Amino acid sequence: MSEYICPHCRNPIYDDEALLCLYCGEGLRRGAGFMGKMKYTSPRVIATIVALFVLLCFVLLIVR
């Protein structure tokens, strides 16, 4: 088992799959893959992606 140090409280975490610290409860900043990052992104990023998608669809509709 590998040891991971919590960036907030500096206590060692021995669970390889833990996303939260057992001692302070803060996030361990481990990579959760693409879907995990999309799930916890800020609403501003998601709104920007949706706006760009709608704009691209509109341009494709006009060009066609």
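Residues numbered from 1 in each chain as written. Predicted model: local features only at pLDDT ≥ 70, side-chain atom pairs only at ≥ 80, totals over all residues. Heavy atoms only, no water.

**What to know about the overall build of the protein chain**
1) Next: Secondary structure summary: the protein chain contains 2 helices and 2 strands in total.
2) Next: For the protein chain, the succession of helices and strands along the chain, N to C, is β-β-α-α.
3) Next: Counting over 64 residues, the protein chain shows a buried share of 9%.
4) Next: Within the protein chain, counting contacts between residues at least 6 apart in sequence, those at least 24 apart form 6% of the total.
5) Next: Of the roughly 5700 Å² of accessible surface on the protein chain, 66% is carried by carbon and sulfur atoms. (Helix = DSSP H or I, 4+ residues; strand = E, 2+ residues; numbered from the N terminus. Buried < 20%, exposed > 50% of the residue type's maximum accessible area, 1.4 Å probe, protein only. Contact = heavy atoms within 4.5 Å. Areas by Shrake-Rupley, 256 points an atom, 1.4 Å probe, with all protein chains shown as cover.)

**Section: the confidence of the model for the protein chain**
1) Next: Looking at the protein chain, pLDDT values average 82 and 81% of them are 70 or higher.
2) Next: Per-element confidence in the protein chain is highest for helix H2 (residues 43-63), whose mean pLDDT is 92, and lowest for helix H1 (residues 33-39), whose mean pLDDT is 60. (pLDDT = per-residue confidence, 0-100.)

**Describing the nonpolar core**
1) Next: Counting 5 residues, the largest nonpolar core is built from Cys 6, Ile 13, Ala 18, Cys 21 and Leu 28.
2) Next: Discounting chain neighbours no more than four positions away, the residues touching Ile 13 are Ser 2, Glu 3, Tyr 4, Ala 18, Cys 21, Leu 22, Tyr 23 and Leu 28. (Core = buried A, V, L, I, M, F, W, Y, C linked by side-chain atoms within 4.5 Å.)

**A few points about the environment of Ala 18**
1) Next: Topologically, Ala 18 is positioned in the loop between strand E2 (12-13) and H1.
2) Next: Here Ala 18 falls in the buried class, since its relative accessible area comes to 8%.
3) Next: Along the backbone, Ala 18 and Tyr 4 are 14 residues apart, and their C-alpha atoms lie at a distance of 9.7 Å.
4) Next: For Ala 18, the contacting residues outside a window of four places in its chain are Ile 13, Leu 28 and Arg 30.

**Side note on unusual backbone geometry**
Leaving glycine aside, a negative phi is the common case for residues, and trans is the common case for peptide bonds.
1) Next: The phi dihedral of Arg 10 is positive, around 65 degrees, even though this residue is not glycine.
2) Next: Looking at where Arg 10 falls in the secondary structure, it is placed in the loop between strand E1 (4-5) and E2.
3) Next: Taking the relative accessible area as the measure of exposure, Arg 10 reaches 58% and is therefore exposed.

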